[in-house]
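An overview of the molecular structure
The chain contents come next:
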Amino acid sequence: MQLFNSWYAIAFSSEVEQNKPTSAVIHGQRLALWRTSNGDVIATQDRCPHKGASLSSGTVDCDRLICGYHGWRFKADGHCDLIPAQTSTGSLPRRAQLHQLPCQESQGFVWVWWSKEGLTLPGDAEPSPLPDVGPLPTAGDSGWRVLEGQVDWKAHYLRVLEAFSDLTHAPFVHSGSFGAMAPDQLLPEEHWSTEESVYERVLAPRDKKYRADQGRGLRSWFNLDSSAKREESDDGGVQHIQLWLANISLVRVVFGDFQISLLTAHVPIAEGLTRNLWRHYRSFLKTPLADGNARGRVDRFMAEDQRMVETLVPVTPDLDGRGDLLLGSDVSTINLRKLLREKRSKGQLV
Ligand code: FES
Ligand SMILES: [Fe+2]
């Protein structure tokens with residue numbers, strides 16, 4: 001099941017270096033990503049039209065992507081402008097041309113426009129604007145520390161997307177990590193959806209069973225920052241959970257002045273394989289010395305989710321509600337599936 005006519009975040013911007021191509025995959029289609037000297041990222045077929053070598057293992061020089069096999073050289077618009085073995089003839093075949101996907105960068109990710117046409121000649125596709133994902137700190141904001149990581153799950157990316165807006169699993173799946181402080185009842189205070197996005201806000205009152213000195217949970221982590229002036233109260237945090245089609249989730253947890261956000265691109269590598277590319281933002285403990293702890297926490301709760309999400313049947317979400325019994329506390333799942341049914345009726349979800 002694929003959503004067409006949509007932007008997908010497929011790689012970290014940091015992966016696409018200035019002088020070296022890299023690869024990415026979307027719905028089984030392998031791409032080569034490379035960066036021009038003015039900073040633009042190009043997403044092109046990862047197959048050289050000469051004899052099929054992988055272009056992502058080639059090189060980049062003087063604003064050209066160069067195949068490592070026989071040195072064919074391609075411009076940013078996909079046209080080949082040099083075939084070293086043929087220079088004497090002067091003419092270049094028309095088919096020496098790479099097809100591409102429209103490509104942009106935003107929020108630390110490389111995004112590509114995925115339509116039924118697939119890879120096309122540059123200029124042939126007409127993408128919509130990128131989704132307005134946020135709020136998030138701007139790049140280089142010294143008030144935040146940012147970390148990146150990734151993990152592959154054997155699950156359909158829409159199942160994974162659902163899992164990131166599914167709050168009521170926290171006390172059970174995450175009982176060994178941040179879920180230790182979550183109450184069993186997590187009905188959203190507010191929820192809404194648009195044509196491309198699903199949102200809910202949840203108050204997470206402090207669980208009376210939970211003690212701040214227990215050494216687990218988000219609050220205990222916040223307490224590590226002894227230099228901070230923070231009013232102690234029994235009020236808990238607020239969680240904002242939002243999804244954007246095709247494949248982005250943002251979970252923001254706000255405890256007064258302390259904020260922690262997790263922005264994740266759930267990249268559909270193949271029908272039952274999702275690569276989760278995550279960016280963690282924290283407004284406290286900004287020293288790099290705390291990165292190991294932060295990474296360990298994200299890895300741990302991701303592994304907790306993975307164990308459960310990989311067991312879900314059917315592999316794709318039950319959009320017509322024949323098998324699942326969804327209730328009011330599943331509001332974001334209900335809203336997401338409604339949105340996906342609308343896409344399906346327009347022929348955009350196949
Ligand atoms: S296969 Fe790429 S130049 Fe020959
Ligand atoms: Fe989870």
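See the structure printed just above.
The text that follows walks through the structure, step by step, so that each part is easy to find. (Residues numbered from 1 in each chain as written. Chains lettered and ligands numbered in written order. Predicted model: local features only at pLDDT ≥ 70, side-chain atom pairs only at ≥ 80, totals over all residues. Heavy atoms only, no water.)

**Description of the overall build of the protein chain**
Regarding its fold elements, the protein chain presents 5 helices and 18 strands. In the protein chain, buried positions account for 50% of the 350 residues. For the protein chain, the proportion of contacts with a sequence separation of at least 24, taken over those separated by at least 6, is 61%. Total accessible area on the protein chain stands at roughly 16700 Å², and carbon and sulfur atoms take up 49% of it. (Helix = DSSP H or I, 4+ residues; strand = E, 2+ residues; numbered from the N terminus. Buried < 20%, exposed > 50% of the residue type's maximum accessible area, 1.4 Å probe, protein only. Contact = heavy atoms within 4.5 Å. Areas by Shrake-Rupley, 256 points an atom, 1.4 Å probe, with all protein chains shown as cover.)

**Focus on the sheet that holds strand β8 (residues 80–82)**
Read from one edge to the other, the open sheet built from 4 strands follows the order β5-β6-β7-β8, with strand pairing classed as antiparallel. The open sheet has two edge strands with one neighbour each: β5 (59–61) and β8. Two elements, β5 and strand β6 (residues 64–66), share 3 bridges in a ladder whose sense is antiparallel. Bridged to T59 within β6 is I66. (Pairing = 2+ DSSP bridges.)

**Observations concerning the layout of surface pockets**
Of the pockets and cavities examined, the second largest pocket occupies roughly 390 Å³. Looking at the second largest pocket, it is lined by 17 residues, and the ones nearest its centre are A163, D166, H169, M308 and L312. Elements represented by at least two residues in the lining of the second largest pocket include exactly α1 (157–163), α4 (291–309) and α5 (331–345). In the lining of the second largest pocket, the residues fall into 6 nonpolar, 4 polar and 7 charged. (1 Å grid on protein atoms, 1.4 Å probe; cavity = no way out; pocket = protein on both sides within 12 Å on 5 of 7 lines; lining within 4 Å. Points joined across faces, edges and corners; volume = space filled by probe spheres on them. Nonpolar A, V, L, I, M, F, W, Y, C, P; charged D, E, K, R; others polar.)

**A look at the pairing of strand β10 (residues 103–106)**
Looking at chain direction, β10 and strand β11 (residues 109–114) are connected through 4 bridges and run antiparallel. Considered in β11, the bridge of S106 is made with F109. What sits between β10 and β11 in their antiparallel hairpin is a turn of 2 residues, with Q107 showing a positive phi close to 50°.

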